Amino acid sequence: MKILVTGGAGFIGGNFVHYMLQQHREDQILCVDKLTYAGNLSTLADVLDQDNLTFVRLDICDREGIYNLFEKERPDIVINFAAESHVDRSIENPEIFLQTNIIGTSVLMDACRKYGIVRYHQVSTDEVYGDLPLDRPDLFFTETTPLHTSSPYSSSKAGADLLVLAYHRTYGLPVTISRCSNNYGPYHFPEKLIPLMIINALHDQPLPVYGDGLNVRDWLYVEDHCKAIDLIVRKGRTGEVYNVGGHNEMRNIDIVKLICQELHKPESLITHVTDRKGHDRRYAIDPTKIHDELGWLPETTFTTGLKKTIQWYLTHEAWWQDIISGEYQQYYQNMYGGR
Ligand code: NAD
């Protein structure tokens, strides 16, 4: 099989490329990435010279470029991780989110229609369902929960999901969608909660927590997510959506405290900053469908996953040092003031 992975120089896509190269040596991986601020070729540095991996720098919105690539490479499966993915950035500048997340998805699917594929898989998010109240721990998102987005990011992802399902119904494109909860693990860009707190704590810098920090997220170790996508693409039913969740709800503030404990840093580093506009309170996924149909369950407990993640950041300083010097400095200043 030739598998086209878009966004493979990003966090989850990069982990997925590593996972596939380890688990399915018989497959060819063709990785396409525009290398935006969030894409980092050093994420793939240790595998770039492998015969079964090809990297192409390309924008998924570039219709001609994508068609040419399909003409030449004829992928069997397309897995779309490429996206503008950061909610805060979508609040500052929504337009690029509509471009990449919606137009880019349609370009990829048009190429799939034109050249034929076995499967198009869209990596989506639980944020398309909106949020749940903190005082109703009995409520969870299922695949039939109505889409009810809060941010330009989640709206663009929901728009793309609708388009994917429409391409299935209208053109018979063999699609699947996965909607997952918050991922964490190696190669996670330092603007996201867990790496941000690890790196700031290592530097004895303030740990900026939005609002009261009581917002709840359902955390999923990225390798468990990669396994779920691999299963859905090979065995999931076309036209179907699969929720992928970690069964692991945590309050942001408790995660930051755990990181302080693991790194032996004082909780006095925690500073509460102005809450994100429209900040969702709780996300919680019901992954019953993927468990019942495909036998998937998250395998990594949060305690183990967090220890592994912290260890990874401790042993891969060169990877994140490169990122936090550069454009990221300006972004950080705008969001949280000086370091
Ligand atoms: P990321 O921001 O780390 O990586 C995105 C990658 O896409 C980057 O390498 C970037 O260069 C590339 N990219 C962006 N625009 C592109 C374009 N126009 N053409 C080609 N490449 C482009 O994101 P991530 O956290 O790895 O997320 C991957 C996918 O998973 C996204 O679709 C996201 O919506 C979804 N998701 C992520 C999470 C999470 O917790 N990280 C949770 C749910 C869903």
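Definitions and limits used
Residues numbered from 1 in each chain as written. Predicted model: local features only at pLDDT ≥ 70, side-chain atom pairs only at ≥ 80, totals over all residues. Helix = DSSP H or I, 4+ residues; strand = E, 2+ residues; numbered from the N terminus. Rg over C-alpha atoms; globule rule 2.2 N^0.38 Å. Buried ≥ 20, exposed ≤ 12 C-beta atoms within 10 Å, placed from the backbone. Contact = placed C-beta atoms within 7 Å. Pairing = 2+ DSSP bridges. Axes fitted to C-alpha atoms, helices over the stretch in contact; angles between N-to-C directions. Near = placed C-beta within 6 Å. Nonpolar A, V, L, I, M, F, W, Y, C, P; charged D, E, K, R; others polar. pLDDT = per-residue confidence, 0-100.

As a further point, take the overall build of the protein chain. The helix and strand inventory of the protein chain stands at 12 helices and 12 strands. In summary, the protein chain has a C-alpha radius of gyration of 19 Å against a globular reference of 20 Å for 339 residues, a match within 12%. A burial count over the protein chain gives 45% of its 339 residues as buried. When contacts within the protein chain are restricted to residue pairs at least 6 apart in sequence, long-range pairs at least 24 apart make up 83% of them.

Two pairing modes exist for strands in a sheet, parallel and antiparallel, and in both the strands are linked by backbone hydrogen bonds. Strand order in this open sheet of three strands is 7-9-11, and the pairing throughout is mixed. Of all the strands in the sheet, the pair left with one neighbour each is strand 7 (182-184) and strand 11 (249-251). Along the sheet, successive strands turn relative to each other by an average axial angle of 50°, direction set aside. Where strand 7 lies against strand 9 (residues 216-221), three bridges are found, and the strand directions are parallel. What sits directly across from Asn182, in strand 9, is Trp219. Set on the sheet, helix 8 (residues 252-262) makes contact with strand 9 and strand 11; between it and strand 11 the angle comes to about 80°.

A word on the sheet that holds strand 3 (residues 53-57). The parallel open sheet is built from seven strands, whose spatial order is 3-2-1-4-5-6-10. Taken across any chain shown, the strands that pair with only one partner, and hence form the sheet edges, are strand 3 and strand 10 (240-244). Geometrically, the sheet is characterised by an average inter-axis angle of 20° between neighbouring strands, direction not taken into account. Here helix 5 (residues 152-171) sits on the sheet and contacts strand 5 (119-125) and strand 6 (175-180); the angle it forms with strand 5, its principal contact strand, is near 155°.

Among the 30 residues in the neighbourhood of the ligand, the closest are listed as Gly7, Gly10, Ala38, Gly39 and Ala83. The leading source of residues in the shell around the ligand is helix 1 (residues 11-23), at three residues. Class assignment for the residues of the shell around the ligand results in 13 nonpolar, 12 polar and five charged.

So, about the pairing of strand 2 (residues 28-33). Most of strand 2 is tucked away: five of the six residues are buried. Two elements, strand 1 (residues 2-6) and strand 2, share five bridges in a ladder whose sense is parallel. Across the sheet, Ile3 pairs through a bridge with Ile29, a residue of strand 2. Of the strand pairs in this sheet, strand 2 and strand 3 are connected by five bridges, and their pairing is parallel. Across the sheet, the residue bridging to Val32 is Val56, located in strand 3.

What follows deals with the confidence of the model for the protein chain. Taken as a whole, the protein chain shows an average pLDDT of 94; of its residues, 96% reach a score of 70 or greater. Across the predicted assembly, pTM comes out at 0.95 and ipTM at 0.99.

What follows is about the environment of Tyr187. One can find Tyr187 in the loop between strand 7 and helix 6 (193-202). Note: C-alpha distance between Tyr187 and Ser42 (145 residues apart in sequence) is 9.5 Å. For Tyr187, the contacting residues outside a window of four places in its chain are Phe11, Gly14, Asn15 and Thr43.

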